[in-house]
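Spelled out, the chains give:
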Amino acid sequence: MAPRWKGKTAEAKALAEPMSEIISKLQTSLIESNAQGLLSGSAVLLQALPEQTELLYRACIGRPVITAEKDKQWHQLSFEEALYLCSVLKCINVAGENKCAKSDEELWHYMVARRVGFPVLFKAYSHLRRKNWVVRAGSQYGVDYVAYRYHPAFVHSEYAVLALADEDGDGENARLKVWSDFHCTLRLCGSVAKTLLVLHISRNGEDTASLSRLEHYSVEERIVTRWNPEASQALPKVQINDDDDDDLIDEDSLLTEEDLKKPQLLFFCIGDCEVGITKKSRKKLQLWKSWR
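First, a word on what this report is: a plain description of the structure on this page. Only a predicted model underlies this, so the values are computations on that prediction, with no experimental measurement involved. (Residues numbered from 1 in each chain as written. Predicted model: local features only at pLDDT ≥ 70, side-chain atom pairs only at ≥ 80, totals over all residues. Heavy atoms only, no water.)

Within the largest apolar cluster, 63 residues are counted, with the highest numbers of intra-cluster contacts made by Ile61, Leu77, Leu83, Ile92, Met111, Phe122 and Val161. Setting aside residues no more than four positions away along its own chain, Leu83 makes contact with Val88, Leu107, Trp108, Met111, Phe118, Phe122 and Leu211. (Core = buried A, V, L, I, M, F, W, Y, C linked by side-chain atoms within 4.5 Å. Buried < 20%, exposed > 50% of the residue type's maximum accessible area, 1.4 Å probe, protein only. Contact = heavy atoms within 4.5 Å.)

Following this line, the structure appears as structure tokens:
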């Protein structure tokens, strides 16, 4: 699927600075400033410098929070974004309510306890982010995430992403287990011009006791689309050779002498009315009337 650009100049602007370069600049800036986030319920608040605010926007990480402090800019990070910056890019620290920095493992246990299915969701998020996709929440489309090839200001999202654990079976979080689920999800994705991308995540026998176990998880990407019979069935091509005219059968040869005879005109009477009567038959009809 080709990107659906937002405007004539969007493609040139997006290609001028790849997402990988933006992430690299953001990582360097956050490390140099010793950036630290604060746990706040189901999110992480990050105080950013003006330069970092611009980089966070271009990297499409976090959302700005409006506060009364004009000289400080705060950003609200989701659990996935905060843990990705902390454990993968290793460019921020996250502190708890006691203002003490938490280790990656402590942060992992905190997030797993607060959010159902977080290990699978974070594996899916980090998998796409490592491939330089912009990943945003997809709850408004009934999926886990939506994936953009470039910044959302330049292009529409291409994929609606569902992260499924192969070991879930028929548990309470199992999805796409019946055909009705597939039809509903595909209909919704088609109505918003998105392709359904299902990430099947296998734990390979590992548990969620440690963040390090996540490295042994495997991800299988599957694109699910609706089958269109009209687009899938191609009409057979018939090649006509002009040199084969001699092999054709003359249709007149299929007719018998009886078929070639001129058909007789039928006639019938309705009361005293004569319908479809020839001149010769009229005399016969008059004789028949006189005899009657």
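The subject of this paragraph is the side chain of His75. Position of His75 relative to the elements: it lies in strand β4 (residues 73–77). Overall, His75 belongs to the buried group, its relative accessible area being 3%. Within polar-contact distance, the side chain of His75 engages the side chain of Thr53 at 3.4 Å. If near-sequence neighbours (up to four positions away) are discounted, His75 is found in contact with Val44, Leu45, Leu46, Ala48, Thr53, Leu56, Arg63, Pro64 and Val65. (Helix = DSSP H or I, 4+ residues; strand = E, 2+ residues; numbered from the N terminus. Polar contact = N/O pair within 3.5 Å; in protein donor to acceptor, adjacent residues only side chain to side chain.)

Taking strand neighbours across the sheet as the criterion, the six strands line up as β3-β4-β2-β1-β5-β6 in an open arrangement whose pairing is mixed. Because the sheet does not close on itself, it has two edges, and the strands there are β3 (63–65) and β6 (101–102). As judged from the five bridges shared by strand β2 (residues 43–48) and β4, these two strands associate in the antiparallel manner. Within β4, the position partnered with Leu45 by the bridge is Gln76. (Pairing = 2+ DSSP bridges.)

When you line up the elements, Glu80 lands in helix α4 (residues 79–88). Polar contacts involving the side chain of Glu80 include one to the side chain of Tyr145, which spans 2.7 Å. In contact with Glu80, other than residues within four places in its own chain, are Arg115, Phe118, Leu121, Phe122, Tyr125 and Tyr145.

Going through the model one piece at a time under the given rule, you end up with nine aromatic pairs. Seen in terms of ring centroids, Phe79 and Phe118 are 6.1 Å apart; in terms of plane orientation they differ by 85 degrees. Their pairing is edge-to-face. You can see Phe79 sitting in helix α4 and its partner Phe118 sitting in helix α6 (residues 118–130), a full 39 residues away along the chain. Between Tyr84 and Tyr125, the ring centres sit 5.9 Å apart and the planes meet at 80 degrees, which makes this aromatic pair edge-to-face. Placement of Tyr84 in helix α4 and of Tyr125 in helix α6 is noted, with a sequence separation of 41 residues between them. Each member of the pair, Tyr84 as well as Tyr125, is classed as buried. Within the aromatic cluster, the residues linked to one another by ring pairs are Phe79, Trp108, Tyr110, Phe118 and Phe122. Note that Lys194 overlies the ring of Tyr141, its terminal NZ or CZ placed 4.8 Å from the centroid. (Phe/Tyr/Trp six-rings, centres within 6.5 Å; stacked < 30°, edge-to-face > 60°. Lys NZ or Arg CZ within 6 Å of the ring centre and 35° of its normal.)

One can describe the packing of α4 onto helix α5 (residues 104–114) by two numbers: an axis separation of 11 Å at closest approach and a directional angle of 165 degrees. Judged by the inter-axis angle, α4 sits roughly antiparallel to α5. Of the two possible hands of crossing, α4 and α5 adopt the one that is left-handed. From α4, Phe79, Ala82, Leu83, Cys86 and Ser87 reach across to α5, where they touch Asp104, Leu107, Trp108, Tyr110, Met111 and Arg114. Broken down by class, the residue content of the contact of α4 with α5 amounts to eight nonpolar, one polar and two charged. (Axes fitted to C-alpha atoms, helices over the stretch in contact; angles between N-to-C directions. Parallel < 35°, antiparallel > 145°, perpendicular 65-115°, else oblique. Left-handed = near helix turned anticlockwise from the far one by under 90°. Nonpolar A, V, L, I, M, F, W, Y, C, P; charged D, E, K, R; others polar.)

Within the open sheet, the five strands sit side by side as β7-β8-β9-β10-β11. Their pairing is mixed. Because the sheet does not close on itself, it has two edges, and the strands there are β7 (134–137) and β11 (218–224). Strand-to-strand twist across the sheet, computed as the mean angle between neighbouring axes with direction ignored, equals 30 degrees. Here four bridges tie β7 to strand β8 (residues 145–148), and the two strands are oriented antiparallel to one another. For Val134, the partnering residue across the bridge sits in β8 and is Tyr148. Its contacts with the sheet put helix α7 (residues 179–191) on β9 (159–165), β10 (195–202) and β11, and the angle it makes with β10 is roughly 130 degrees.

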